[in-house]
Amino acid sequence: MQNSMSLPDPDAFPCDDVDVVIFDGHCAFCQSQVRRLHRWSAGAKPLAYLSLHDPRVAQRYPQLSHEALMQQMYVVSAEGTAYGGAVAVRYLSRRLPLLWWAVPVLHLPGSAGVWRWLYGQVAKRRYRLAGKTCDGDACRVHL
C-alpha cells in the first residue's frame, strides 16, 4: 500500500533531511495515530510517513525486517538511527513541542520496560482496536 493518506512523503524532502515514520498502513488504528502525529508535528521540523507495506521501505531501510516492522512502528531519524515502538514514542516526545508535556512521564527513570510492555500490548491488538482495512484475508494472519 502506498502512502495514500495526505501525509508528507519522504520523496518530497531533500535526501537525509527528514525523520521518517514507518507504520502499518493496513491498520486503521495505526493510520489514525499517524494522522494525529502529523497534526501534532505542526510547528516542528516536518516528519515524513511511509507504510511498512510500501516497497520503498525494504529498499531504503534493509536493516529493518518486515517482521520487526509488523511488531512496532519505527522512526528513522534523518541521521539514519532507527527507533522502534516505545523508544520511537519517547524520541518523538522530545522532538515535537506539542508532546513535551509527555516527556516527564515517558522518561521516568526505570519506566522504559513498562512503556515497552504497554506499547507491545497495544501493537499486538492494533487490528482489533479500530477495525481492519486489509483486502481479502490479508489481515487474518494478524488477528
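Refer to the structure printed above.
Just so it is clear, the structure is predicted and the values come from calculations on it, not from any experiment.

Let us look at the layout of surface pockets. A volume near 800 Å³ is recorded for the largest pocket. Forming the walls of the largest pocket are 29 residues, and the residues nearest its centre are Phe29, Gln33, Met73, Val89 and Tyr119. Split by residue class, the lining of the largest pocket holds 21 nonpolar, four polar and four charged. Taken together, 15 residues form the lining of the second largest pocket, with Cys15, Asp16, Val18, Val20 and Tyr61 sitting closest to its centre. Classifying every residue of the lining of the second largest pocket by side-chain character gives nine nonpolar, two polar and four charged.

Let us now look at the environment of Ala44. Residue placement: Ala44 occurs in the loop between α1 (28-40) and β2 (47-51). Along the sequence, Ala44 and Pro97 sit 53 residues apart, while their C-alpha atoms lie 6.9 Å from each other. Filtering out sequence-adjacent residues up to four positions away, Ala44 remains in contact with Arg95, Leu96 and Pro97.

Reading guide: rules and limits
Residues numbered from 1 in each chain as written. Predicted model: local features only at pLDDT ≥ 70, side-chain atom pairs only at ≥ 80, totals over all residues. Heavy atoms only, no water. 1 Å grid on protein atoms, 1.4 Å probe; cavity = no way out; pocket = protein on both sides within 12 Å on 5 of 7 lines; lining within 4 Å. Points joined across faces, edges and corners; volume = space filled by probe spheres on them. Nonpolar A, V, L, I, M, F, W, Y, C, P; charged D, E, K, R; others polar. Helix = DSSP H or I, 4+ residues; strand = E, 2+ residues; numbered from the N terminus. Contact = heavy atoms within 4.5 Å.

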